[in-house]
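Reading the structure
Listed below, chain by chain, are the residues.
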Amino acid sequence: MVPFSLAFLAALTAATAVKLWLAARHIAHIRRYRDRVPAGFAEKIALDAHQKAADYSVAKAQLEIADTGVEAAALLALTFGGGLQWLDGAAARFGSGIGHGLVLIGGVAAVLTVVDLPLAWHRTFGIEQRFGFNKMTPRMFFTDMLKHALLAAALGLPLAGGILWLMDRMGAAWWIYAWLVWVGFNLVLLAVYPTWIAPLFNKFSPLDDPQLKQRIEQLLARCGFRAQGLMVMDGSRRSSHGNAYFTGFGKTKRIVFFDTLLERLDAPEVEAVLAHELGHFKLRHVVKRVAWSFATSLGLLWLLSRIMHETWFYHGLNVQSPSTAMALVLFFLVLPPFTFLLHPLLSFYSRRHEFEADHYAAQHAPATALISALVKLYKDNAATLTPDPLHSAFYDSHPPAPLRIARLQTYAA
Ligand SMILES: [Zn+2]
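The present account deals with the structure reproduced in this document. These numbers come from a predicted model, not from an experiment. (Residues numbered from 1 in each chain as written. Predicted model: local features only at pLDDT ≥ 70, side-chain atom pairs only at ≥ 80, totals over all residues. Heavy atoms only, no water.)

**Re empty space enclosed by the protein**
Counted according to the given criterion, the structure contains 2 cavities of 30 Å³ or more. Taken together, I45, A49, H50, A53, Y378, K379, A382, A383 and L385 make up the lining of the largest cavity. Among the secondary structure elements, those contributing two or more residues to the lining of the largest cavity are α2 (47-78) and α14 (367-380). It is α2 that provides the largest number of residues to the lining of the largest cavity, a total of 3 residues. Tallied by class, the residues present in the lining of the largest cavity amount to 7 nonpolar, 1 polar and 1 charged. Looking at the second largest cavity, the residues that line it are S240, G242, T260, L261, R264, L377, D380 and N381. Of all the secondary structure elements, the ones that give two or more residues to the lining of the second largest cavity are α8 (259-264) and α14. It is α8 that contributes the most residues to the lining of the second largest cavity, 3 residues altogether. Within the lining of the second largest cavity, the residues separate by chemical class into 2 nonpolar, 4 polar and 2 charged. (1 Å grid on protein atoms, 1.4 Å probe; cavity = no way out; pocket = protein on both sides within 12 Å on 5 of 7 lines; lining within 4 Å. Points joined across faces, edges and corners; volume = space filled by probe spheres on them. Helix = DSSP H or I, 4+ residues; strand = E, 2+ residues; numbered from the N terminus. Nonpolar A, V, L, I, M, F, W, Y, C, P; charged D, E, K, R; others polar.)

Structure (structure tokens):
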């Protein structure tokens, strides 16, 4: 066996073992605290709501276990099982050069989507349905899927074709050109997302509650923020989970509220949630995140440019026909197990941003309103108040409710 085969197997085994261990810990921890609402929440959350959150979180963690197994099996089947080699041979019948490459990339994406299908179905019609969150019909599920696939093909194939062309023609420095194309593509996508892409999946209408609108405009003025529009999205078409977000940048910047959020929160609470989102913008979290992702992709493309001409890279993963498209596919397929252990760092960074945005929100809106909004949201979304601390440290982009609320209470006092 080639050393790289062993390195990949070791990384995959380690990542899979850690994922399973974390999920098992999480389930055990939630079950241990299932029969009592944590101190400080006893008045706000009833025992049955707490137990629903526990059962919902356990069901999601069980899905995480299945997901981990399926993912590892798919990776092994594609590499050591000869799946990629077979797909490459099949793709060769459709053409040569970039055409061959695009069929290979599309084929791998299609295989991964089909493999994930049963779990995606179970997520929506098993878990979300059982806990009363799902609003989708099977017809919508498949229409969404088809739309996503067409969109991915319309955007992804030209991008992949362009990058394959650069890899073939631009010599040793191709990775710099490819990176520039990637950055440009993402910036264009960010700009057109609110006006062209999001409306493919949801309906957006201007916020028409005059009192709430006035309140929000005052908040925006206090924070020195200009947005092009306050929109309401029909999130209730798919799910009863609520949310609010910013989208676009420059001229297309707008604020979007899920209709489900406006239904559940009163005006001061909506204002406080928005103040939190404004915090992410004002504290440059969004810009920092985009900058980090661009820096990471530059590093990854450079790394790919170093290893794509090494035979060990292909043979180590049981591929006998090296090509630029194969290099691209292999690289992004086998990268996650090697980077999995960096997850806690990213999550930590994200949770720090959440605390900072909460702090900002507390300066521009009453902290008590944000606290009551969070309690409602955590309760409505059946988010557990008692996650396993290690599982949370690894994955959670948002701090668990008790920590967040405890810190907000110090601002409110
Ligand atoms: Zn946030």
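**Let's talk about the coordination of the zinc ion**
For the zinc ion, the protein coordination sphere consists of H276 (NE2), H280 (NE2) and E354 (OE), at 2.0 to 2.1 Å. Here the donor residues of the zinc ion are spaced in sequence according to H-x3-H-x73-E. Residue H276 and its partner H280 are both found in helix α9 (residues 267-282); the two are separated by 4 residues, about one turn of the helix. Its relative accessible area of 4% is what places H276 among the buried residues. Taking the relative accessible area as the measure of exposure, H280 reaches 10% and is therefore buried. (Donors = N, O, S within 2.8 Å, 3.2 Å for Na, K, Ca; no water. Buried < 20%, exposed > 50% of the residue type's maximum accessible area, 1.4 Å probe, protein only.)

**Here's the deal with the packing of helix α10 (residues 285-307) against helix α12 (residues 324-339)**
For the pair α10 and α12, interaxial distance at closest approach is 11 Å and the crossing angle is 120°. In terms of their interaxial angle, α10 and α12 are classed as oblique. Classified by chirality, the crossing of α12 by α10 is right-handed. Across from L300, L303, L304 and I307 in α10, the residues of α12 making contact are A327, L328, F331 and L335. Residues of the contact of α10 with α12, tallied by class, amount to 8 nonpolar, no polar and no charged. (Axes fitted to C-alpha atoms, helices over the stretch in contact; angles between N-to-C directions. Parallel < 35°, antiparallel > 145°, perpendicular 65-115°, else oblique. Left-handed = near helix turned anticlockwise from the far one by under 90°. Contact = heavy atoms within 4.5 Å.)

**Notes on the nonpolar core**
Residues I216, F257 and L278 are the most contacted members of the largest nonpolar core, which totals 44 residues. Those elements that place two or more of their residues in this core are α7 (210-223), β2 (230-233), β3 (244-247), β4 (254-258), α9, α13 (343-364), α14 and α16 (401-412). The element best represented in this core is α14, accounting for 9 residues. Every residue in contact with I216, bar those within four places of it in the chain, is listed here: L207, L230, F257, V270 and L274. (Core = buried A, V, L, I, M, F, W, Y, C linked by side-chain atoms within 4.5 Å.)

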